[in-house]
Amino acid sequence: MRMELADELEEFVRAGHLWSDEDCGAMVDHLTAESEASGDPLPGRLGRFLDAVHIRTRIGDVPSSLRVQIDAIVYPRVWKVIEGIRDGMPDAELRTRIEVMNRRLARLFVEETV
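Residues numbered from 1 in each chain as written. Predicted model: local features only at pLDDT ≥ 70, side-chain atom pairs only at ≥ 80, totals over all residues. Heavy atoms only, no water.

Caption draft 1: Quick look at the overall build of the protein chain. The secondary structure content of the protein chain amounts to five helices and zero strands. Secondary structure elements in the protein chain, listed N-terminal to C-terminal, are α-α-α-α-α. For the protein chain, the C-alpha radius of gyration of 14 Å lies close to 13 Å, the compact-globule estimate for 114 residues. Each of the three principal axes of the protein chain carries a C-alpha extent, and together these read 40 × 25 × 25 Å. (Helix = DSSP H or I, 4+ residues; strand = E, 2+ residues; numbered from the N terminus. Rg over C-alpha atoms; globule rule 2.2 N^0.38 Å.)

Caption draft 2: View of helix α3 (residues 41–59). Taking 1.5 Å of rise per residue, the 19 residues of α3 would be expected to cover 27 Å, and the 27 Å separating its terminal C-alpha atoms lies within 8% of that figure. Along α3, the positions that sit buried rather than exposed are Leu42, Pro43, Gly44, Leu46, Gly47, Phe49, Leu50, Val53, His54 and Arg56. Of the surrounding secondary structure, the elements contacted by the buried residues of α3 are α1 (3–14), α2 (21–38), α4 (64–86) and α5 (91–113). Two to three positions downstream of the cap, the backbone nitrogen of Leu42 sits 3.0 Å from a side-chain oxygen, assigning the N-cap of α3 to Asp40. (Expected span 1.5 Å × (residues − 1). Buried < 20%, exposed > 50% of the residue type's maximum accessible area, 1.4 Å probe, protein only. Contact = heavy atoms within 4.5 Å. Polar contact = N/O pair within 3.5 Å; in protein donor to acceptor, adjacent residues only side chain to side chain.)

Caption draft 3: Examining the side chain of Asp40 more closely. On the secondary structure map, Asp40 appears in the loop between α2 and α3. Despite being buried, Asp40 has no salt bridge partner; Arg95 is the closest side chain of opposite charge, sitting 6.9 Å away. Of note is the side chain of Asp40, whose polar atom sits 3.4 Å from the backbone nitrogen of Met1. In contact with Asp40, other than residues within four places in its own chain, are Met1 and Ser35. (Lys, Arg positive; Asp, Glu negative; His and termini not counted. Salt bridge = Lys/Arg side-chain N within 4 Å of Asp/Glu carboxyl O.)

Caption draft 4: Focus on the pattern of salt bridges. A full pass over the atoms with the stated rule returns eight salt bridges. A salt bridge links Glu34 to Arg2; the nearest nitrogen and oxygen atoms lie 2.7 Å apart. With Glu34 in helix α2 and Arg2 in the segment before α1, this pair connects stretches of sequence that are 32 residues apart. By relative accessible area, which is 11% here, Glu34 ends up buried. For Glu11, the salt bridge is made with Arg14, and the minimal N-O distance between the two is 2.6 Å. Within this pair, Glu11 and its partner Arg14 are both found in helix α1, separated by three residues, close to a single helical turn. Arg14 sits in the exposed class, given a relative accessible area of 60%. Taken together, the shared-partner salt bridges connect Arg2, Glu4 and Glu34 into one network.

Written out as structure tokens, the structure reads:
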């Protein structure tokens, strides 16, 4: 993943765009386009992770307790990906970090329906 993408993700996190329908959707689209243009599947995988949150916000109001739980998964995990990009980690390690985010978020959404 490109170093510039780490900077863009950092700004996304810093600005708190996860809960903005427009900004989160734009980042998802940007990550998808990045994957298509570069042939690197990792930005698209990260985009699907953010899109899961984006879709959940469109389903209905997200209770504040659930927002806190989502934030506790998303922000630290995205920071780990940013750090990995900046440290030049191998794609396999970045993929693992993204997949951990996906599993934790999926588990949280499943628990919400129980």
